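If you want the building blocks of each chain, they are given just below.
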Amino acid sequence: MDKGFVMREGENGFERAMGILEMIYKLPDSLSEEDVEAAKNFVFPELQQTVIGLLELPADRELELFFFRLLLGVLKEAQNAQAEGKKLVFIPFTFPPEIFYSFDNIFPICTEIVGGLITNICYGQGERFWDYAMGMGLPDSLCSANTIGTMPFFMGPGLKADAIVYNSAGSCNPNAKIHAFASDYLGIPQFLLEKPVDESPRGRELFRQYLKRFIKELEEWSGSEMREERLREVMKKSYQAVELYNEFWELKKARPCPVPNIFSMTLLVLRSQLWGRQEAVDVMQKMVDMSKERLRKGEYTASEELARVYITYIYWLFDFYGYFTWMEKEGITILGDILAIHYFPEMDFSSKESMLEGLADITFDYPMTRQMGGESISMRWLDDIIYAAQDLGADACIFGGVHACKHTLGTAAYFRREMMKRTGLATLMLTGDVFDKRHTPMEMLQEEVKTFVDQVVARKKSQDKKKAKTAGE
């Protein structure tokens, strides 16, 4: 195998990433330290951070190997979907994939998951694809996640979608714009699901009508009706995963937290690409079982849990080891981000109508759509992060996201001030980009986070202990 992993004739970034990922089939189920070291040394330096980020810590190793093998299987299904007579549809990360799995002949692929794979697997990460977009004259105010995810399909050759979907106008405008542009440039139809900013029962009822219209349009385009039995089968799988998600959330409350940091990334991919399928249930079950076992044994990677942080926006995803593993080894627990906060209503499986109503509520309250598409971005975002941070016992928050997201950047100062006022939790503000290391290198993030924990979080915890001791005397 070419250690440089350069792009090959006839492939785009998606196919190249999958070709490289196939190396996981050659790894044994039970990896030794020597196996991990050999796997790391086999690949080029940028991919080494992915390999050790997933496999260095024994607590992560078994789950991540299991998860990526299942994920690769699903991506291969996407790759073969058109040959099997199915329609391949690009969807954004703000959209529940179970809607599309409920069709017999539609297969979804999340563009941000494609961008994440390329960034963490391909030589040069996602930079060549971002630079290609800039070379086309597209504005640098686009989001790197979905721009890197869609550019390989612009560049060709290889896989092309049959249609593209977005529901993010108002909640993620950069995503909406690049998906609309992709529709025009690639000459494929686009389907739009609008969300009213009205959060009253009237607004929710209007959204239910929009969703039904959206599904009807998909049915007419694909030539296939969404069958009630198929919908029920998918939604029951979805709710098996929901039960495990709720259990997983409760496990994160324990001190020290028994849930490895990298599982946060795993949950993000599961929800964006695999929800509604058996693979999501199987991986969630393993994540819960392994976390329970660590809780029972009192296992924690560092000698002490120094800080429990809630990421107020999105994890940085271009260096798994430098972000998730490094924090865990430093005694910093990552409790979640904005995309980890889901609201699942009680589901009535009795009829297609009742399931669609439940699905409409899930979509209405989907992360990002719920906050950035709400009546007030700052208030909805603040309320949800306060709920998560307090419920999970966070000591502090960290803001970091995408340079293009003017929604969050525009309200970040207000958010930090109100967070401190209402909860007493300090927020570290970081500028950079989740998918492009050229904005802020990981070494700078680590230095900022370490200084914040040492000088702000640790000092506050020490002061709180003194106050408690004085009050007890």
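As shown above, the structure is provided for reference.
As the structure is a computational prediction, the values presented were derived from the model and not from experiment.

Caption draft 1: Layout of the overall build of the protein. Scanning the protein for helices and strands turns up 19 helices and 8 strands. For 473 residues, the compact-globule estimate of 2.2 N^0.38 gives 23 Å, and the C-alpha radius of gyration of the protein, at 22 Å, lies within 12% of that figure. For the C-alpha atoms alone, the extent of the protein along its principal axes is close to 75 × 60 × 45 Å. Taking all 473 residues of the protein together, 60% fall into the buried category. Here the analysis covers contacts within the protein between residues at least 6 apart in sequence; of these, 78% occur between residues at least 24 apart. Accessible surface, the protein: about 18,300 Å² in total, of which carbon and sulfur atoms supply 51%. Once the 55 positive and 70 negative side-chain charges of the protein are each reduced to a mean point, those two points are 3 Å apart.

Caption draft 2: Examining the sheet that holds strand 3 (residues 163-166) more closely. If you walk across this open sheet you meet the 4 strands as 2-1-3-4, and the pairing is parallel. The sheet is open, and its two edges are formed by strand 2 (106-110) and strand 4 (190-192), each paired on a single side. The average angle at which neighbouring strand axes cross in this sheet is 25°, direction not considered. Here 2 bridges tie strand 1 (residues 87-91) to strand 3, and the two strands are oriented parallel to one another.

Caption draft 3: Region of interest: the nonpolar core. Counting residues in hydrophobic clusters, the biggest one holds 165 residues, and the most contacted among them are Phe100, Phe214, Trp275, Tyr310, Tyr323 and Val449. The residues contacting Tyr323, other than those within four sequence positions of it, are Ile311, Tyr315, Trp316, Ile334, Met442 and Leu445.

Caption draft 4: Highlighting the pairing of strand 1. For strand 1, the tally of buried residues reaches 4 of 5 residues, placing the bulk of the element in the interior. Bridge analysis of strand 1 against strand 2 gives 5 bridges, and the strand direction is parallel. Within strand 2, the residue paired with Phe90 across the bridge is Ile109.

Caption draft 5: Fine view of the environment of Glu346. Tracing the chain through its elements places Glu346 in the loop between strand 6 (332-334) and helix 15 (352-364). On the basis of relative accessibility, which here comes to 79%, the residue Glu346 falls in the exposed class.

Caption draft 6: Up close: the sheet that holds strand 5 (residues 307-311). What the 4 strands build is an open sheet, ordered 6-5-7-8; its pairing is parallel. Of all the strands in the sheet, the pair left with one neighbour each is strand 6 and strand 8 (427-429). Between one strand and the next, the sheet's axes are offset by a mean angle of 30°, whatever the strand orientation. Across 3 bridges, strand 5 lies against strand 7 (residues 396-399) in parallel orientation. Along strand 7, the bridge assignment pairs Ile311 with Ile398.

Caption draft 7: Just the state of the cysteines, in detail. Scanning the entire structure with this criterion turns up 0 disulfides. With no disulfide of its own, Cys257 lies closest to Cys397 among cysteine sulfurs, the gap being 15 Å. Residue classification places Cys257 among the buried residues on the basis of a relative accessible area of 1%.

Caption draft 8: Structural detail: helix 6 (residues 111-121). Here helix 6 lies mainly inside the structure; 11 of its 11 residues are buried. Inspection of helix 6 places Thr111, Glu112, Ile113, Val114, Gly115, Gly116, Leu117, Ile118, Thr119, Asn120 and Ile121 among the buried residues, and these make up the whole buried set.

Caption draft 9: Fine view of the packing of helix 14 (residues 320-329) against helix 19 (residues 442-472). At their nearest, the axes of helix 14 and helix 19 sit 10 Å apart, and the two run at 30° to each other. With respect to each other, helix 14 and helix 19 are oriented roughly parallel. The hand of the helix 14/helix 19 crossing is right-handed. Residues Gly322, Tyr323, Trp326 and Met327 of helix 14 touch helix 19, and the partners they reach there are Met442, Leu445, Gln446, Val449 and Lys450. Here the contact of helix 14 with helix 19 is built from residues that sort into 6 nonpolar, 2 polar and 1 charged.

Caption draft 10: Geometry of the side chain of Asp198. As for its placement among the helices and strands, Asp198 is situated in the loop between strand 4 and helix 10 (201-222). At 2.6 Å, the side chain of Asp198 and the side chain of Ser200 are in polar contact.

Rules and cut-offs
Residues numbered from 1 in each chain as written. Predicted model: local features only at pLDDT ≥ 70, side-chain atom pairs only at ≥ 80, totals over all residues. Heavy atoms only, no water. Helix = DSSP H or I, 4+ residues; strand = E, 2+ residues; numbered from the N terminus. Rg over C-alpha atoms; globule rule 2.2 N^0.38 Å. Buried < 20%, exposed > 50% of the residue type's maximum accessible area, 1.4 Å probe, protein only. Contact = heavy atoms within 4.5 Å. Areas by Shrake-Rupley, 256 points an atom, 1.4 Å probe, with all protein chains shown as cover. Lys, Arg positive; Asp, Glu negative; His and termini not counted. Charge placed at Lys NZ, Arg CZ, Asp CG, Glu CD. Pairing = 2+ DSSP bridges. Axes fitted to C-alpha atoms, helices over the stretch in contact; angles between N-to-C directions. Core = buried A, V, L, I, M, F, W, Y, C linked by side-chain atoms within 4.5 Å. Disulfide = S-S within 2.5 Å. Parallel < 35°, antiparallel > 145°, perpendicular 65-115°, else oblique. Left-handed = near helix turned anticlockwise from the far one by under 90°. Nonpolar A, V, L, I, M, F, W, Y, C, P; charged D, E, K, R; others polar. Polar contact = N/O pair within 3.5 Å; in protein donor to acceptor, adjacent residues only side chain to side chain.

Shape is all these values report; function is a separate question.
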